[in-house]
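Per-entry structural report
Below are the chains, spelled out letter by letter.
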Amino acid sequence: MKPTRSDILNWLREDDPRQLEVLWRLADEVRQLHVGDEVHLRGLIEFSNRCMRSCAYCGLRLPNADLVRYRMTADEVLACAREAVRFGYGTVVLQSGEDGCTTVEWMADLIGRIKVETRLAVTLSLGERSEADLRAWRVAGADRYLLRFETSNPTLFAKIHPSLPGMKSDRIAILRVLRELGYEVGSGVMIGIPGQTWADLVRDIELFAELDLDMIGVGPFIPHPATPLGGRALSAGAGLEQVPNTELMTYKVVALARLVCPEANIPSTTALATLNLAQGRELGLQRGANVVMPNLTPPQYRERYEIYPAKACVRESASDCHGCMRQRIETIGRAVGVGRGDSRNYHLRG
Ligand code: SAH
């Protein structure tokens, strides 16, 4: 049975470990029933850290002059995609800052090349783009798009994610466009953004269900010192209504996301592994998640994709990441997914 608004709030505020065991078990059962025991691997390629925006949370923001910028060539991205095939992944995720120099043609050409050469599903995560660009990439063969709405509270969103001049940011509207264009649609939020209240987070989770998301990615907000939100003390002193940016809170949201969207693909994210390197990914997978995203970004670029500091696994090679993920999945008695791992929801919707 799907949780009501008050169930969601009660779970978010629950701190008794014995009670929380009930939530973890429920989420794990729903996960097993609806998406099975396979854990799908999505190879992440962070192909550009250039960004024209000034998001208050993200280290890639334009005003961060300390960051050495890079943009991979199409051949470099293609080499990573070949590596994904070698490792047996079914999907590559092409992610970047909002890089104005990623032209619609360059991207369409790259997607086309990946599609001609491989059978990989292609997921894009390039931020906010025009309907025409999104359509062109869909036509070129892109399968899925990830765009977190970050928070459902419009006032908080406007504060942390300033619009570009003359173009009001409306991620929810873009998510609807993506659906119409036939993408599998992914979104999600950060947990514990300074100023985010319990009511906001409840609404975020309800919105996952209303948008009928195919993929839901959530992670703790991690302050980056080169950003306006970087210096903020988090749970401490932030007021009674402030959601803490903790590991525990993240598991609760992963579990609740599974209960409200039983068929969705839900990753156990790098941000979770950053808070608990030893066990974060496994616990995510045991509390509702069914996807992991091993990093394929070449080592010389990886450290520079610093959306938040001390990101887990920045020094690992792609093959280290691959071996480590496989082992973690097998250790908890789950199976490495075979094939593309498409959203069941997407197929049911038709
Ligand atoms: N430019 C793309 C991709 C951004 S990186 C876009 O805006 O969609 C992907 C996600 O990283 C963001 O959506 C955000 O939720 C998350 N992120 C950024 N900065 C973060 C931080 N300081 N802590 C935790 N997550 C962060």
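Scroll up for the structure.
What comes next concerns the included structure. Per chain, residue numbering runs from 1 following the sequence as it is written. Local features in this predicted model are restricted to residues whose pLDDT is 70 or higher, and side-chain atom pairs enter the listing and the counts only when it is 80 or higher, whereas totals over whole chains, interfaces and linings include all residues. As a rule here, side-chain values come from all non-hydrogen atoms in the structure, and water together with hydrogens is ignored.

1. With respect to the site of the ligand
To keep things clear, this is the line we draw: Neighbouring residues are identified by heavy atoms, a residue being near a molecule or strand if any of them is within 4 Å of it. A 3.5 Å cut-off defines polar contacts: any pair of N or O atoms within that distance qualifies, except that in protein one atom must be a possible hydrogen donor and the other a possible acceptor, and neighbouring residues in sequence count only when both atoms are side-chain atoms. Note on areas: Shrake-Rupley with a 1.4 Å probe; residue coverage comes only from the protein chains shown. Using a grid of 1 Å spacing that covers the protein atoms alone, one calls a set of points a cavity when a 1.4 Å probe fits there but cannot get out, and a pocket when the set is open and has protein on both sides within 12 Å along at least five of seven lines; lining residues are those with an atom within 4 Å of a point. Throughout, a molecule is located in a cavity or pocket provided that more than half of its atoms lie within 2 Å of its grid points.
If you check the shell around the ligand, you find 18 residues, and the closest are Tyr57, Arg148, Glu150, Arg171 and Ile222. Interatomic distance of 2.9 Å between a backbone N/O atom of tyrosine 57 and a nitrogen atom of the ligand. Between the ligand and serine 96, the relevant distance is 3.0 Å, taken from a nitrogen atom to a main-chain nitrogen or oxygen of the residue. Across the complex, the protein chains shield 93% of the 560 Å² of accessible surface that the ligand would expose by itself. Most atoms of the ligand, that is more than half of them, are within 2 Å of grid points of the largest cavity.

2. A few points about the nonpolar core
Inclusion rule: To qualify as a nonpolar core, a set must consist of buried Ala, Val, Leu, Ile, Met, Phe, Trp, Tyr and Cys residues joined through side-chain atoms within 4.5 Å. Burial here depends on accessible area, computed with a 1.4 Å probe over protein chains only, as a share of the maximum for the residue type. Under 20% is buried, over 50% is exposed, and the range in between is partly exposed. Secondary structure is summarised from DSSP: a helix means a run of H or I of at least four residues, a strand means a run of E of at least two, and numbering begins at the N terminus for each. Contacts are assigned to residue pairs that have any heavy atoms within 4.5 Å of one another.
With 94 residues, the main nonpolar core has Leu12, Leu94, Leu124, Trp137, Tyr183 and Phe208 as its most contacted residues. If one sorts the elements of this core by residue count, helix H9 (residues 247-260) sits on top with 9 residues. Ignoring anything within four residues of it in the chain, the contact list for leucine 94 reads Ile45, Phe47, Val77, Met107, Leu110, Ile114, Val122, Thr123, Leu124, Ser125 and Leu126.

3. As for the pairing of strand E1 (residues 38-48)
Cut-off, in case you're wondering: The rule for pairing is simple: two strands pair if DSSP sees at least two bridges between them. Think of it like this: strands point away, you trace from the first strand over the helix to the second, and a clockwise trace means the crossover is right-handed.
Of all 11 residues in E1, 10 are buried; the element is thus mostly enclosed. With 2 bridges joining them, E1 and strand E10 (residues 335-336) adopt parallel strand pairing. Looking at E10, one finds that valine 39 is bridged to valine 336. For E1 and strand E2 (residues 91-96), the ladder comprises 6 bridges, and the chain directions are parallel. For arginine 42, the partnering residue across the bridge sits in E2 and is threonine 91. Following the backbone out of E1, through helix H3 (residues 74-87) and into the adjacent parallel E2, one traces a crossover that is right-handed.

4. Here we look at empty space enclosed by the protein
Applicable threshold: Grid points are joined across faces, edges and corners, and a volume is the space filled by probe spheres set on the points. In this classification, the charged set is Asp, Glu, Lys and Arg, the nonpolar set is Ala, Val, Leu, Ile, Met, Phe, Trp, Tyr, Cys and Pro, and all remaining amino acids, among them Gly, are polar.
Tallying each qualifying case throughout the model produces 5 cavities of 30 Å³ or more. What the largest cavity holds in volume is close to 990 Å³. Along its surface, the largest cavity is lined by 48 residues, and Gln95, Ser125, Arg148, Glu150 and Ile307 are the ones closest to its centre. Those elements that provide at least two residues to the lining of the largest cavity are E1, E2, strand E3 (121-125), strand E5 (184-187), strand E7 (215-216), strand E8 (219-220) and helix H10 (270-275). Taken together, the residues that form the lining of the largest cavity break down as 23 nonpolar, 16 polar and 9 charged. Computed from the structure, the second largest cavity encloses a volume of approximately 50 Å³.

5. Observations concerning the packing of aromatic side chains
Short version of the rule: Pairing of aromatic rings covers Phe, Tyr and Trp, the last counted by its six-membered ring, and requires centre-to-centre distances within 6.5 Å; plane angles under 30 degrees mean stacked, over 60 mean edge-to-face, and any other angle means tilted. A ring has a charge above it when a Lys NZ or an Arg CZ is no more than 6 Å from the ring centre and no more than 35 degrees off the ring normal.
Going through the model one piece at a time under the given rule, you end up with 6 aromatic pairs. Ring centres 5.9 Å apart and planes at 85 degrees place the aromatic pair tyrosine 145 and tyrosine 183 in the edge-to-face group. Separated by 38 residues along the polypeptide, tyrosine 145 in strand E4 (residues 144-146) and tyrosine 183 in the loop between helix H7 (171-180) and E5 bring together distant segments of the chain. Residue classification places tyrosine 183 among the buried residues on the basis of a relative accessible area of 0%. Directly above the ring of phenylalanine 87 sits arginine 86, whose terminal nitrogen or CZ lies 5.4 Å from the centroid. Lying across the ring of tyrosine 251, arginine 287 places its NZ or CZ 4.8 Å from the centre.

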